[in-house]
Amino acid sequence: MSICIRLPATGKTAAGGTPHERIIIEAMKTFTIAVIPGDGVGAEVVPEGKRVLEAAAKRHNVSFAFQDFDWGAAHFLRWGRMMPAGAIDLLQPCDAIYLGAVGHPQIPDHTTLNGLLLPIRRAFDQYANVRPAYLYPGVTSPLAGRNGGEIDFVVVRENTEGEYAQVGGFLYTHQPEEVAIQTAVFTHRGIERLMRYAFELAVKRNKKKRVTSITKSNAQGYGMVLWDRTFFEVSAKYPDVETESLLVDAAAMNFVRRPESFDVVVASNLFGDILSDLGAAIIGSMGLAASANLDPERRFPSMFEPVHGSAPDIAGKGVVNPLAAILTGAMMLDHLELSAAAQEVESAVAAVLAEGKVRTADLGGASRTVEVTAAVLEKLG
Ligand code: GGG
């Protein structure tokens, strides 16, 4: 069994008597990272991400103590649970969690998701799911006439309540009159803190300074009405940030028709999940979509995962694109306040994509997973 141990922070130790003998030892800061490769291609992309993280850390005099947890579908098939009963306690002391993917053809998707991913997001109050959509120079968007850098927005998805609250149940199970009730839960506290995060992000990005709120209040007259009201309430505190409120259906159209107009897009759990996949598609590949499940208050470890799933159709073949996991690692570096290292990883990925020589099949190439990582490591220097 692995255990996360929080290691001491950076310190300086002075030793020796004479100035000649006095050696200043910089104790290297070590971050403990819980690693859950999970299922399918998760087990292939996570080792690649770790290699890049280690190389980036070395350049900045920090290190990572990775604690691997073999949870996921294989654990479920053996023990009947995606992760053990005390899993949350084991993860809690870690500085961050690095996750691959969950999902297995022999296990219902609601079992895998509700057995691992969703409970971790909720237990650690990772209420902001941040999913950037950036069209890298050298990558072809399926949208005609879009050049590198022209699509550049971030979907901020509510991550602990809304349509994923798991409130409901079945009546008359497996009978012709069966009823399933699935209740969405929207709280003012939950929406307000997410909206504040989205507005702060628009200010920090300092690009278009625009927040687009995704709603469906024309049809959903309670939860989405509270959503809209809270959006306008928070927006009043940010007079320098432009606002827009779009019905989710109109937003889906506009992701295709005018993606360049978006900066920060704030959405409920379900709408954010769907729109961020569309975001991944228009930037050229799901294999480039990174994400962070953040507890912005840093009370608990945040979790970093590529947006893609376990992709059983290509798992085990060594051909999956590792760049989503690598860019996810860069988001983790940024969260750990290693922003220079994060920037270097991002630039290395951008350089590989701009060059266009090494790329996996999802981007029209024939390179293998490890070749892409090698190219990123070479650019990293
Ligand atoms: N990268 C983690 C993973 O396997 N995601 C697949 C998935 O379906 N996620 C749903 C969600 O993000 O709520």
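Conventions and cut-offs
Residues numbered from 1 in each chain as written. Predicted model: local features only at pLDDT ≥ 70, side-chain atom pairs only at ≥ 80, totals over all residues. Heavy atoms only, no water. Axes fitted to C-alpha atoms, helices over the stretch in contact; angles between N-to-C directions. Helix = DSSP H or I, 4+ residues; strand = E, 2+ residues; numbered from the N terminus. Parallel < 35°, antiparallel > 145°, perpendicular 65-115°, else oblique. Contact = heavy atoms within 4.5 Å. Nonpolar A, V, L, I, M, F, W, Y, C, P; charged D, E, K, R; others polar. Near = heavy atom within 4 Å. Polar contact = N/O pair within 3.5 Å; in protein donor to acceptor, adjacent residues only side chain to side chain. Areas by Shrake-Rupley, 256 points an atom, 1.4 Å probe, with all protein chains shown as cover. Phe/Tyr/Trp six-rings, centres within 6.5 Å; stacked < 30°, edge-to-face > 60°. Lys NZ or Arg CZ within 6 Å of the ring centre and 35° of its normal. Pairing = 2+ DSSP bridges. Left-handed = near helix turned anticlockwise from the far one by under 90°.

1. Some remarks on the packing of helix H7 (residues 248-257) against helix H8 (residues 269-282)
Two elements in contact, H7 and H8, have axes separated by 10 Å at closest approach and are oriented at 10°. By the angle between their axes, H7 is roughly parallel relative to H8. Mapping the contact onto sequence places Val 248, Ala 251, Ala 252, Phe 255 and Val 256 in H7 and Phe 271, Leu 275, Leu 278, Gly 279 and Ile 282 in H8. Grouping the constituent residues of the contact of H7 with H8 by class yields nine nonpolar, one polar and no charged.

2. Observations regarding the site of the ligand
What surrounds the ligand is a group of 15 residues, the closest being Val 102, Arg 121, Arg 157, Glu 305 and Pro 306. The side chain of Arg 121 places a nitrogen or oxygen atom 2.8 Å from an oxygen atom of the ligand. Between a nitrogen atom of the ligand and a side-chain N or O atom of Glu 305, the distance comes to 2.9 Å. Alone, the ligand offers 370 Å² of accessible surface; in the complex the protein occludes 87% of this. When contributions to the shell around the ligand are tallied by element, the ones reaching two or more residues are strand E5 (96-101) and helix H4 (109-123).

3. Re the packing of aromatic side chains
Tallied over the entire structure, the rule returns 12 aromatic pairs. Consider the rings of Phe 124 and Phe 300, whose centres lie 5.9 Å apart with planes at 35°: the pair is tilted. Of this pair, Phe 124 sits in the loop between H4 and strand E6 (128-134) while Phe 300 sits in the loop between strand E13 (292-294) and strand E14 (302-304), and the two are 176 residues apart along the sequence. Considering the side-chain rings of Tyr 134 and Tyr 136, the 4.8 Å spacing of their centres and the 90° angle between planes classify their relative orientation as edge-to-face. These aromatic residues form a ring-pair network of at least three members: Phe 199, Phe 231, Phe 232 and Tyr 238. Taking NZ or CZ as reference, Lys 29 lies 4.9 Å from the ring centre of Phe 31, over its face.

4. Points about the side chain of Ser 291
On the secondary structure map, Ser 291 appears in the loop between H8 and E13. At 2.7 Å, the side chain of Ser 291 forms a polar contact with the backbone oxygen of Glu 305. Among residues more than four places away in sequence, those in contact with Ser 291 are Asn 129, Val 130, Arg 131, Phe 304, Glu 305, Val 307, Thr 328 and Met 331.

5. Observations concerning the sheet that holds E13
The strand order E4-E3-E5-E14-E13-E6-E7-E12-E10-E11 describes an open sheet built from 10 strands, whose pairing is mixed. Whereas interior strands pair on both sides, the edge strands pair on one side only; in this sheet they are strand E4 (62-68) and strand E11 (242-247). Neighbour-to-neighbour, the strand axes of the sheet open up by a mean angle of 25°, direction not taken into account. Where E6 lies against E13, three bridges are found, and the strand directions are antiparallel. Counterpart to Val 130 in the pairing with E13 is Ala 292. Sheet strands touched by H7: strand E7 (152-158), strand E10 (210-215), E11 and strand E12 (264-267). Its angle to E11, the strand with the most contacts, is close to 110°. Along the sheet, H8 makes contact with E6, E7, E10 and E12, crossing E7 at roughly 155°.

6. Quick look at the packing of helix H9 (residues 323-335) against helix H10 (residues 339-355)
In contact at an axis separation of 7 Å, H9 and H10 are set at 160° when each is read in the N-to-C sense. Looking at the two axes, H9 sits roughly antiparallel to H10. Here H9 and H10 pass one another in a crossing that is left-handed. For the pair H9 and H10, the contacting residues are Leu 323, Ile 326, Leu 327, Ala 330, Leu 333 and Asp 334 in the first and Ser 339, Ala 341, Ala 342, Val 345, Glu 346, Val 349 and Leu 353 in the second. Of the residues that constitute the contact of H9 with H10, the class distribution is 10 nonpolar, one polar and two charged.

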